[in-house]
Amino acid sequence: MKITKVESFALHVPITPPITDAINAASHWGLPGVRIYTDEGIVGYGYTGTCALGDEMIVQTIDRYYGPALIGKDPFMVKEIWDDLRFGAMHWVGRAGIAHMALAAVDIALWDIISKAAGKPLWKYLGGHKPQRIKAYNTNGGWLNWTKERLIRDVSEIVEQGFTGVKMKVGKPDSREDYDRVKAVRKVIGDDIILMIDVNQQWNITTAMTWGKKLEEFDLYWLEEPLNPDDVMGHKKLADELNVPIALGEHVYNKYAFRDYIHQGAVEYVQADVTRLGGITEWLQVAGLAAAYDLPMCPHVGDMGQIHQHLVASTQNAIMLEYIPWIRDIFVEPATVENGYYVLPQMPGASTEMKPDCFEKFRVL
Ligand SMILES: [Mg+2]
């Protein structure tokens, strides 16, 4: 099989109503991505996820550098292609961020092609582990810009829908307000629902130590991204001293950076995100690394779960998956949760193929 054409795109799908966490605000979810065509008629779809900012730079990286290097290549040689692109023209200027997100889109499209050619959903092609379903936890009721009333209403509805895990954002300017909101959510969801809180890097070590300790009383399942994602030592200190496990990984861009976190004991739930990590090829290596330390994989869903459901379903040490339903309607086989569990996809491929009309509706590049 040979690659004959590479076509970039960017879609902006509205988020209604717009959301914020401690450092981001989003009214649209951005999907800069790529369609890769082959001489056997199979088309692979890959994308990464953004707050609809910077997409033009990701698309330009694909158009100028990665796309031309792919023409004539065999998609089944995905790991060699990954090395060639990773250490190619973009290596000098981008070993993380834009370059790695563009690489993720390409790598995901290649795995989509491979599993389509095999006639299998990607999770089966990679070797299945969870044949029926995957536990989902819901992040979409806990945004930082929600009033306390809306927060309580939304998490209540999520629990009524059958979810047994809820994540909420913290990182208000006055941490006493965070405490008050977490207390209210724990009260309304009861003791049987797992509750995670996400700081989105907003705290420093002093705030994290002080308020992490105070919040322990609410039986938190994890404390997510409390500090700057480059601060391995700070997270190690928190992991040692708090009675709440540390989760992070959505801003960790390669296996070496994960190695440092894992080996130092500075992360307890590994949230590697395939859309940031350079794709499936690197994600699988991080999953193997985490497995050797008996650490669970719980991906952050920059893809909104479409691709990660395959990875969790085929990974022994992956325990559950985040759920945010913003973009599911654009896909041919949308990620679907019923009674708190992802229903595993059955169509061949990585569940990345988009309906043709979504390009008319949401394409910006
Ligand atoms: Mg997060």
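Residues numbered from 1 in each chain as written. Predicted model: local features only at pLDDT ≥ 70, side-chain atom pairs only at ≥ 80, totals over all residues. Heavy atoms only, no water.

By the naming in an unreviewed UniProt entry, the protein chain goes by Mandelate racemase/muconate lactonizing enzyme family protein and is assigned to Paenibacillus spongiae. Checking UniProt for the protein chain, the heading Cofactor (unreviewed entry) contains the comment "Mg(2+)". (UniProt positions renumbered as here; feature names shortened; annotations may be inferred.)

**Quick look at the overall build of the protein chain**
Looking only at helices and strands, the protein chain has twelve helices and twelve strands in total. Computed over its C-alpha atoms, the radius of gyration of the protein chain comes to 20 Å, within 12% of the 21 Å expected for a compact globule of 365 residues. Expressed as a percentage of contacts within the protein chain between residues at least 6 apart in sequence, the contacts between residues at least 24 apart total 71%. Of the accessible surface of the protein chain, which amounts to about 14,600 Å², a share of 50% is contributed by carbon and sulfur atoms. Averaging the positions of the 36 positive and the 47 negative side-chain charges in the protein chain gives two centres separated by 1 Å. (Helix = DSSP H or I, 4+ residues; strand = E, 2+ residues; numbered from the N terminus. Rg over C-alpha atoms; globule rule 2.2 N^0.38 Å. Contact = heavy atoms within 4.5 Å. Areas by Shrake-Rupley, 256 points an atom, 1.4 Å probe, with all protein chains shown as cover. Lys, Arg positive; Asp, Glu negative; His and termini not counted. Charge placed at Lys NZ, Arg CZ, Asp CG, Glu CD.)

**Thoughts on the domain arrangement of the protein chain**
For the protein chain, the assigned domains read domain 1 (3–120 + 357–362) and domain 2 (123–343). Taking only C-alpha atoms into account, the centre of domain 1 sits 24 Å from that of domain 2. Note on domain 1 versus domain 2: buried area summed over both sides is about 2,900 Å², and carbon and sulfur give 71% of it. The largest contributions to the domain 1 side of the interface with domain 2 come from W29, Y47 and W111, which together make up 20% of the buried area. One can count zero salt bridges joining domain 1 with domain 2. At the boundary of domain 1 with domain 2, the tally comes to twelve residue pairs in polar contact (both at pLDDT 80 or more). Mapped by element, the contributors of at least two residues to the side of domain 1 that touches domain 2 are strand 1 (3–20), strand 2 (25–38), helix 2 (78–86), helix 3 (98–118) and helix 12 (356–362). Per element, the largest residue contribution to the side of domain 1 that touches domain 2 is ten residues, and it comes from helix 3. Residues belonging to the side of domain 1 that touches domain 2 are distributed by class as follows: 24 nonpolar, seven polar and four charged. (Domains from an automatic or database assignment. Buried area = accessible area lost by both parts, 1.4 Å probe. Salt bridge = Lys/Arg side-chain N within 4 Å of Asp/Glu carboxyl O. Polar contact = N/O pair within 3.5 Å; in protein donor to acceptor, adjacent residues only side chain to side chain. Nonpolar A, V, L, I, M, F, W, Y, C, P; charged D, E, K, R; others polar.)

**What about the packing of aromatic side chains?**
The description of an aromatic ring pair rests on the distance of the ring centres and on the angle between the ring planes. Taken as a whole, this structure holds twelve aromatic pairs when the rule is applied. Pairing Y47 with F331 gives two aromatic rings, centres 5.6 Å apart and planes at 35 degrees, and the pair type is tilted. Residue Y47 is located in strand 3 (residues 43–47), and its partner F331 is located in the loop between strand 10 (321–323) and strand 11 (336–338); the two are separated by 284 residues in the primary sequence. In this pair, the class of Y47 matches that of F331, namely buried. Ring pairs connect the aromatic residues Y137, Y221, W222 and Y269, which therefore count as one cluster. Its guanidinium or amino end placed over the ring of Y341, R133 lies 3.6 Å from that ring's centre, counting from NZ or CZ. One Lys or Arg, K214, reaches over the ring of W211 and ends 5.2 Å from the middle of that ring. (Phe/Tyr/Trp six-rings, centres within 6.5 Å; stacked < 30°, edge-to-face > 60°. Buried < 20%, exposed > 50% of the residue type's maximum accessible area, 1.4 Å probe, protein only. Lys NZ or Arg CZ within 6 Å of the ring centre and 35° of its normal.)

**Digging into unusual backbone geometry**
Across the junction of T16 and P17, the peptide omega takes the value -10 degrees, indicating a cis bond. A positive phi angle, close to 40 degrees, is found at E225, a residue other than glycine. Turning to its location among the elements, E225 is positioned in the loop between strand 7 (222–224) and helix 8 (232–241). On the basis of relative accessibility, which here comes to 2%, the residue E225 falls in the buried class.

**Some remarks on the coordination of the magnesium ion**
At the metal site, the magnesium ion is ligated by D198 (OD), E224 (OE) and E250 (OE), and these contacts range over 2.0 to 2.2 Å. Mapping the donors of the magnesium ion onto the primary sequence yields the spacing D-x25-E-x25-E. Placement of D198 in strand 6 (residues 194–198) and of E250 in the loop between strand 8 (246–248) and helix 9 (255–264) is noted, with a sequence separation of 52 residues between them. Residue classification places D198 among the buried positions, given a relative accessible area of 1%. Classification of E250 as buried rests on a relative accessible area of 5%. (Donors = N, O, S within 2.8 Å, 3.2 Å for Na, K, Ca; no water.)

**Some points on the pattern of salt bridges**
One pass over the full model with this rule turns up 17 salt bridges. The partner of K116 in a salt bridge is E353, with the nearest N and O atoms 2.7 Å apart. Residue K116 is located in helix 3, and its partner E353 is located in the loop between strand 12 (341–343) and helix 12; the two are separated by 237 residues in the primary sequence. Take E353: its relative accessible area is 31%, and that puts it in the partly exposed class.

**Describing the UniProt feature "domain: Mandelate racemase/muconate lactonizing enzyme C-terminal" (unreviewed entry) in the protein chain**
This chain's UniProt record puts "domain: Mandelate racemase/muconate lactonizing enzyme C-terminal" (unreviewed entry) on residues 148–245. Split by type, residues 148–245 is 50% helix and 13% strand. Its first and last C-alpha atoms lie 25 Å apart.

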